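# Overview (structure and organization)
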Amino acid sequence: MAEVRPFRCIRPNKEAASTVAALPYDVYDREEARAEVEKNPGSFLAIDRAETQFEPGTDPYAPKVYEKAREMLCDWLEKGILLEDPDDCYYIYELTMDGRAQTGIVACTSVDDYLRGTVARHENTVEAKEQDRIRHVDVTNAQTGPIFLAYRSVRKLNDLVEEEKQSEPLYDFVADDGIRHRAWRVGDRESIETIHSCFAAIPKLYIADGHHRAASAVKVALKRRREHPGYTGEEPFNYFLSVLFPDDQLMIMPYNRVVKDLNGYQVREFLNLVKQRFQVVRYGRQVYVPTARHRIGMYLAGIWYELTVRPAYESIDPVRELDVSILQDILLEPVLGISNPRADARIQFVGGIRGAKELERLVDGGEILGSGSWGGHIYGRQPAVAFLMYPTSIRELFAVADAGLLMPPKSTWFEPKLRSGLFIHRLT
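Just so we're clear, the structure is a prediction, and the values are computed from it rather than from any experiment.

Next up on the list: the confidence of the model for the protein. Per-residue confidence for the protein gives a mean pLDDT of 93, with 96% of residues at or over 70. In this model residues 368-380 is a low-confidence stretch, pLDDT under 50, and it forms 41 contacts with partners more than four residues away in sequence or in other chains.

Here it is as C-alpha cells:
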C-alpha cells in the first residue's frame with residue numbers, strides 16, 4: 001500500500017509565483033535555458049539550471065554550478081521570494097490547458113515504495129542524466145521538481161479535492177504558454193487524515209513522467225542512509241516530491257519519430273518495404289492523424305500516408321502491442337537500421353505538442369532535432385521520414401507497469417507540464 005505524506009513546503013510568495021514557476025529543467029537545451037533566464041531572472045530555471053549564472057561555455061556539471069544553485073535557493077528564502085510553511089500539509093495543484101483541467105495532490109511519496117515496486121515505473125533511466133539531478137538535489141538539500149505520479153481514480157479523494165477547491169487558492173495565474181495554474185493548501189487534520197488513509201488503500205502508484213528525477217531522489221536517499229546509519233525512515237530524505245493525479249484526468253500526447261535517412265533505400269524501395277508490413281493509404285499533402293491504435297501517420301517526400309498494422313504483426317504482449325513497439329520492431333530496426341533508439345543519432349523524438357507541421361518542417365528541410373529536446377541540427381538534403389503516432393493510453397501504461405515490463409524510450413508525452421519552483425521539498 002502507498003505511503004504518501006504531507007510535508008513542510010517551501011514555495012513562492014503569492015506575488016512571485018507566476019514569475020518563479022518554470023517548465024522542467026530538461027525541456028531546454030543550454031542556449032534556450034540561458035535565454036529564458038536572461039528574459040526572466042526570477043524564473044526558478046535560474047536555480048534548476050544554475051550554469052546560466054556563469055559565462056557561456058561553463059561546464060554545467062562543475063561543482064560551482066551546484067553550489068550556486070544552493071546559494072540562490074538560500075538567498076531567495078532570505079529575501080522572502082520563497083517562504084516555508086510551518087506545518088506539514090498537502091497541496092492541491094490544478095492545471096488547465098485548452099479548457100481541460102487536471103488536478104493533482106502535491107505530497108511526498110516513500111522511497112521504500114519505489115524500491116519495493118509499489119511505485120511502478122515503465123521506462124529505464126540513463127545514468128548520466130541521473131548524476132546531474134543527484135548532485136543538484138544533494139547539494140541544494142532540496143527536491144525542486146516534482147515527479148508526476150498517477151493512480152487509479154478514487155471517488156473519495158476526488159470529492160475531497162473538489163471540496164477543497166471551493167476555497168480561495170494560494171495561487172491563480174496564467175503562464176506565458178496559456179496554461180492556467182491554481183493551487184490550494186490542505187492543512188486541517190481531518191482532511192490530511194482522509195488523504196493519507198485513501199492513499200494507504202491504493203495498491204500501486206505509477207510514474208507517468210519524471211523517471212530520472214525519481215531515480216535521482218531515491219539514490220540521494222540511499223546515499224544519505226549510508227551517511228546516517230542510525231536513520232529511522234522518518235527523515236524527509238526518505239520521501240520524494242510528487243504530484244499525484246487520478247488516471248481519468250490525464251491526457252497523453254503522442255511521442256513522434258523522425259529518421260534522418262532511409263538507410264540507403266530510395267523512396268520507392270522503402271515504400272515497398274513498408275507495404276509488406278502495413279496496409280498503406282496515400283493521403284497526399286493532407287496530414288493524416290491516426291484515430292485509433294495500430295494506425296500510424298507517415299510523412300515521406302512531401303506525401304502523407306496512413307499505415308495500418310497488418311494482423312500478422314499484432315500481439316497480446318503489453319509491450320509488443322504498443323504502436324511505438326510495433327513501429328520499432330517491424331520497421332525502424334529491420335528496415336531503417338535503428339537497433340538502439342535510445343542512442344542512435346539518426347533518430348529523434350518529437351513531442352506531440354509540436355504537431356504535424358513540425359514533422360513536415362524537419363523532413364522538408366532535411367533537418368532533424370539534435371541532442372537537446374528543443375535544439376536542431378542540419379544534416380543536409382537527405383531523404384528523411386517522419387512517423388506521427390497514436391498516443392499511448394494510460395491503460396497501456398498501467399498494463400506494462402503491472403507486468404513489471406518497460407516501454408520503449410519516448411513512448412508517452414504528458415501535457416500540460418508540471419512547473420518547478422511552486423513546491424519544494426527540503427531533505428532535512
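Further remarks concern helix H7 (residues 155-164). Along H7, the residues that are buried comprise Leu157, Asn158, Leu160, Val161 and Glu164. Around the axis of H7, the buried residues are gathered within 165 degrees of arc, so they sit on the same side. Among the exposed residues of H7, those oriented more than 90 degrees off its buried face are Arg155, Lys156 and Glu163. Where the residues of H7 are buried, they touch strand S4 (90-97), strand S5 (100-110), strand S8 (147-151), strand S10 (180-186), helix H8 (189-200) and strand S12 (239-246).

Let us now look at the environment of Arg30. Here Arg30 is to be found in helix H2 (residues 30-39). Among the residues examined, Arg30 registers a relative accessible area of 38% and is labelled partly exposed. Through-space distance from the C-alpha of Arg30 to that of Glu51 is 8.7 Å; in sequence the pair is 21 residues apart.

On to the sheet that holds strand S16 (residues 295-300). The six strands lie next to each other as S15-S17-S16-S21-S14-S18, forming an open sheet whose pairing is antiparallel. Each end of this open sheet is capped by a strand with a single partner; those strands are strand S15 (278-284) and strand S18 (347-351). Geometrically, the sheet is characterised by an average inter-axis angle of 25 degrees between neighbouring strands, direction not taken into account. Here three bridges tie strand S14 (residues 255-259) to strand S21 (residues 385-388), and the two strands are oriented antiparallel to one another. The residue bridging Val259 from the neighbouring strand is Val385, located in S21. Helix H12 (residues 355-364) contacts S14, S16, strand S17 (303-309), S18 and S21 of the sheet and is inclined by roughly 170 degrees relative to S21.

Another point: the nonpolar core. Of all hydrophobic cores here, the largest spans 70 residues; its most connected members are Phe270, Met298, Leu331, Leu336, Val385, Phe387 and Phe423. In this structure, Leu336 is in contact with Val259, Asp261, Leu262, Asn263, Phe270, Leu331, Arg346, Val385 and Phe387, ignoring residues within four places of it in sequence. Of all hydrophobic cores here, the second largest spans 31 residues; its members include Tyr90, Val111, Tyr151 and Ile192.

Turning our eyes to something else, we now look at the packing of H7 against H8. For any two helices packed against each other, one specifies the crossing angle of their axes together with the interaxial distance. One can describe the packing of H7 onto H8 by two numbers: an axis separation of 10 Å at closest approach and a directional angle of 150 degrees. The angle between H7 and H8 places the two elements in the roughly antiparallel class. Our pair here, H7 against H8, has a crossing hand that is left-handed. Every residue of H8 that contacts H7 at Lys156, Leu157, Leu160 and Glu164 is listed here: Ser191, Thr194, Ile195, Cys198 and Phe199. Its residues placed into classes, the contact of H7 with H8 shows five nonpolar, two polar and two charged.

We now examine the sheet that holds strand S23 (residues 424-426). The four strands lie next to each other as S3-S2-S23-S7, forming an open sheet whose pairing is antiparallel. Taken across any chain shown, the strands that pair with only one partner, and hence form the sheet edges, are strand S3 (82-84) and strand S7 (142-143). Across three bridges, the pairing between strand S2 (residues 9-12) and S3 is antiparallel. Pairing of Arg11 across the sheet is with Leu83, part of S3.

Right, let's get into a negative patch on the surface. On the surface, Glu163, Asp188, Glu190 and Glu193 cluster together into a negatively charged patch. Relative to the helices and strands, Asp188 resides in the loop between S10 and H8.

Remark: helix H4 (residues 63-79) packs on helix H6 (residues 127-140), axes separated minimally by 9 Å, with the N-to-C direction vectors making an angle of 40 degrees. What the angle tells us is that H4 and H6 run oblique. In terms of crossing hand, the pair formed by H4 and H6 is right-handed. Counted together, Tyr66, Glu67, Ala69, Arg70 and Leu73 of H4 and Asp132, Arg135, His136, Val139 and Thr140 of H6 form the full contact between these two elements. Counted by class, the contact of H4 with H6 contains four nonpolar, two polar and four charged residues.

Below, the discussion takes up the side chain of Glu396. Examined against the element boundaries, Glu396 turns out to sit in helix H13 (residues 394-402). Its relative accessible area of 4% is what places Glu396 among the buried residues. At 2.9 Å, the side chain of Glu396 forms a polar contact with the side chain of Arg293. In this view, Glu396 contacts Arg293, Leu322, Pro391 and Met407; residues no more than four positions away in its chain are not counted.

About the thresholds
Residues numbered from 1 in each chain as written. Predicted model: local features only at pLDDT ≥ 70, side-chain atom pairs only at ≥ 80, totals over all residues. Heavy atoms only, no water. pLDDT = per-residue confidence, 0-100. Contact = heavy atoms within 4.5 Å. Buried < 20%, exposed > 50% of the residue type's maximum accessible area, 1.4 Å probe, protein only. Helix = DSSP H or I, 4+ residues; strand = E, 2+ residues; numbered from the N terminus. Arc of directions from axis to C-beta. Pairing = 2+ DSSP bridges. Axes fitted to C-alpha atoms, helices over the stretch in contact; angles between N-to-C directions. Core = buried A, V, L, I, M, F, W, Y, C linked by side-chain atoms within 4.5 Å. Parallel < 35°, antiparallel > 145°, perpendicular 65-115°, else oblique. Left-handed = near helix turned anticlockwise from the far one by under 90°. Nonpolar A, V, L, I, M, F, W, Y, C, P; charged D, E, K, R; others polar. Patch = residues over 30% accessible without salt bridge, like charges linked within 9 Å, V, L, I, M, F, W, Y side chains within 5 Å. Areas by Shrake-Rupley, 256 points an atom, 1.4 Å probe, with all protein chains shown as cover. Salt bridge = Lys/Arg side-chain N within 4 Å of Asp/Glu carboxyl O. Lys, Arg positive; Asp, Glu negative; His and termini not counted. Charge placed at Lys NZ, Arg CZ, Asp CG, Glu CD. Polar contact = N/O pair within 3.5 Å; in protein donor to acceptor, adjacent residues only side chain to side chain.

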